[in-house]
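Per-entry structural report
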Amino acid sequence: MTSPNRLLQSAPRRAAQALAAVGAAALLLTGCGSDSDSGSGSDKTKSEAASGGETRTIKDATGTAVKVPAHPKRVVTLTQEDLDAVLALGVKPVGITNGQGLNKPPAYLEDKVKGISVVGNLLQPVMDKVLAAKPDLILAGDMQDENVLKQLREITPATLVTMAPTDDWKLSFRGVANAVNSLDKANKVIADYEAKAKKAGEELGENKGAEVSIVRWNPDGPSWMEKKQFASGVALDMGLKRPKTQDKDGNAHTPALSLEKISEIDGDWLFLSTLTSDGEKALKDVQEKPAYKDLNAVKKNHAVTVNGSVWSTRGGPLASDVVIDDITKALKK
């Protein structure tokens, strides 16, 4: 099962999966069809029964063909990204999981998920709770545990893996939108986001086009985010740049750096996040050390602490709004 540290993947693994992931993600967008089943009730899946019988066949992020309700009414999401996506599309799920690195739903979505049943932790569903939610569609994120997927598909065959390892948030978002039959709306959401990001970046005054370092602090040291990682992508959409040492393709992050290599996290601005209490403690400890205080961003008072459960995830449209607002608040003078 994928751990909360989902961004940390080895380079060989990413390379090996890249071609398959790109192809599978494309299938998620294009594999749409309509089925008009006229068989008896005993021939219909649970998903069909829940949606009145009308279904569509799509392909998920693994390339697997899945029959889903044409108009799903009881959606369960197993990741923060899937939850972000459906809420941005105006779909209120009936079951959700806790946020990344959290034992509760993510704070930035808190006002939108009141009253919704929590069915487990990130990618760790409690099957009895999922079953009680009576889903007609389960969005399983980047779930890799085949045993868990099998159990979920026994609850409803309309269970989709929505993310491939190399997908960016916009591609995954469109895939989720396809699953809930709202692709046109997703395209508008993305267009609105891109317009907002561009406008916000142009209004940063003297910090327009600044180099921003995006770092997650782990218990054993800092990791900077690659260019295609979610928060980094938002910064680039705002017209900002990454420091030369961080100007690397990829959608994950580096292994934790030693104190001797801490200069790699420097930039005009430094955005710091943590995901665990141990990481938070490690960050507080290092902030008292000379190596940290010698960073240019720290000397200029340009080091900003941000929410790791937003900035260190794979992201979605609602999370992107938070990142734009955080950057704007810090850089706009």
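Residues numbered from 1 in each chain as written. Predicted model: local features only at pLDDT ≥ 70, side-chain atom pairs only at ≥ 80, totals over all residues. Heavy atoms only, no water.

Some words on the sheet that holds strand E14 (residues 303-305)
The criterion, for reference: Strands pair, by our definition, only if DSSP identifies at least two bridges between them. Labels follow the DSSP assignment, with helices taken as runs of H or I lasting at least four residues and strands as runs of E lasting at least two, numbered in each case from the N terminus. The angle between two axes is taken between their N-to-C directions and runs from 0 to 180 degrees, where each axis is a line fitted to C-alpha atoms and a helix contributes only its stretch in contact. The criterion used for residue contact is that any of the two residues' heavy atoms lie within 4.5 Å.
Taken together, four strands build an open sheet; the order of strands is E12-E11-E13-E14 and the sheet is mixed. Single-partner strands in this sheet number two, and they are strand E12 (221-224) and E14. The sheet shows a mean angle of 30° between the axes of neighbouring strands, direction not considered. As paired elements, strand E11 (residues 212-218) and E12 share four bridges and run antiparallel to each other. Across the sheet, the residue bridging to Val215 is Trp224, located in E12. Running at roughly 115° to E11, helix H9 (residues 277-286) makes contact with E11 and strand E13 (269-273) of the sheet.

Considering the environment of Ala282
Worth spelling out the cut-off: Here's how the labels work: a residue is buried when its accessible area is under 20% of the maximum for its type, exposed when over 50%, partly exposed in between, all with a 1.4 Å probe on protein chains only.
On the secondary structure map, Ala282 appears in helix H9. Owing to a relative accessible area of 15%, Ala282 belongs among the buried residues under this scheme. Taking C-alpha positions, Ala282 is 7.4 Å from Asp220, a pair spaced 62 residues apart along the chain.

In short, geometric facts, not functional conclusions.
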